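Single-letter residue listing:
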Amino acid sequence: MSTIATETPTTPTGSAAARATDLTKIYGEGETKVVALDHVSVEFRAAEFTAIMGPSGSGKSTLMHCMAGLDSISAGSARIGDTELTGLKDKKLTQLRRDRIGFIFQAFNLLPTLNALENIRLPMDIAGRKPDPEWLDRVIETVGLSGRLKHRPAQLSGGQQQRVAVARALASKPDIIFGDEPTGNLDSRSGAEVLGFLRNSVRELGQTVVMVTHDPVAASYADRVVFLADGRIVDDMADPTAERVLEHMKQYDAKGRTS
Ligand SMILES: Nc1ncnc2c1ncn2[C@@H]1O[C@H](COP(=O)(O)OP(=O)(O)O)[C@@H](O)[C@H]1O
Ligand SMILES: [Mg+2]
């Protein structure tokens, strides 16, 4: 394993890279009102890999979107580092998303006409920013794409395409990366490849990662699992293993059936 040669992107280890306090998100009103998040308070520590789990409809995507400034919140607070997202003007919010947040989608969202390297550099090219060349090399080496940079997405496997998307999210040294089921479209081998890389980016590059998943094996790559149910945090597990996560999910299934 190589040592950290370049400056790491995050706030100091142990401090909060992002924080929700009594975060509430309500969609619709009257009969169609849905409380997607109900006073959620959670902290994502810097240089930590967190998995978010919970049944379908429990608010996982809503939490990601609200924390990443992709959706507004109804009450409470969402912060990236010390910056409160509510009340930021559009331009400031766009800047914050661009400079401090990386987002990995389930569908890789690569541009088909650009090669891997061009896709990785695209957000910074749009922003008119020069990537730190040493950092970019380091990211590309860590994702294991050095031999594939001239390939277009169609010439890459699903796993490789998602690694390009991960490298794209890392390239600008964001304070935090959010992923909504980033391995949801991958076979288990490609998924393992991407998860291993995400974990490396936390261990070796000091990146902070928060990932939604429904897969206990995927969650076991994380340092911590936060469980959501009905828009609330119901549990928080340190150093998860696939077995313990699975046990935990069974408990909730059982409770769901008896209530
Ligand atoms: N744009 C929306 N409009 C109305 N309701 C929504 C919207 N997005 C999500 N919801 C509702 O909010 C709840 C949480 O959804 P979501 O965060 O997508 O859950 P998860 O990602 O855990 O499956 C669900 O009941 C869902 O139907
Ligand atoms: Mg979802």
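For the structure, see preceding data.
The paragraphs below set out a description of the structure included in this document. (Residues numbered from 1 in each chain as written. Chains lettered and ligands numbered in written order. Predicted model: local features only at pLDDT ≥ 70, side-chain atom pairs only at ≥ 80, totals over all residues. Heavy atoms only, no water.)

### Considering the layout of surface pockets
Next up, step 1: Within this model, the largest pocket holds a volume of roughly 550 Å³.
Next up, step 2: Contributing to the lining of the largest pocket are 18 residues, with Arg97, Arg98, Ile101, Phe103 and Pro123 lying nearest its centre.
Next up, step 3: Taken together, the elements giving at least two residues each to the lining of the largest pocket come down to helix H2 (90-100), strand E6 (101-104), helix H3 (116-127) and helix H5 (158-171).
Next up, step 4: At four residues, H3 tops the list of elements feeding residues into the lining of the largest pocket.
Next up, step 5: In terms of residue class, the lining of the largest pocket is made up of eleven nonpolar, four polar and three charged. (1 Å grid on protein atoms, 1.4 Å probe; cavity = no way out; pocket = protein on both sides within 12 Å on 5 of 7 lines; lining within 4 Å. Points joined across faces, edges and corners; volume = space filled by probe spheres on them. Helix = DSSP H or I, 4+ residues; strand = E, 2+ residues; numbered from the N terminus. Nonpolar A, V, L, I, M, F, W, Y, C, P; charged D, E, K, R; others polar.)

### A few points about the site of ligand 1
Next up, step 1: The immediate surroundings of ligand 1 are formed by Tyr27, Val34, Ala36, Pro55, Ser56, Gly57, Ser58, Gly59, Lys60, Ser61 and Thr62.
Next up, step 2: In this structure, an oxygen atom belonging to ligand 1 sits 3.2 Å away from a main-chain N or O atom of serine 58.
Next up, step 3: Within the side chain of threonine 62, a nitrogen or oxygen atom sits 2.5 Å from an oxygen atom of ligand 1.
Next up, step 4: The fraction of the free accessible surface of ligand 1 (560 Å²) that becomes covered by protein chains is 58%.
Next up, step 5: Residue assignment for the shell around ligand 1 shows that the elements contributing at least two residues are strand E2 (34-45) and helix H1 (60-67).
Next up, step 6: Sorting elements by how many residues they give to the shell around ligand 1 places H1 first, with three residues. (Near = heavy atom within 4 Å. Polar contact = N/O pair within 3.5 Å; in protein donor to acceptor, adjacent residues only side chain to side chain. Areas by Shrake-Rupley, 256 points an atom, 1.4 Å probe, with all protein chains shown as cover.)

On their own, these measurements won't tell you what the molecule is for.
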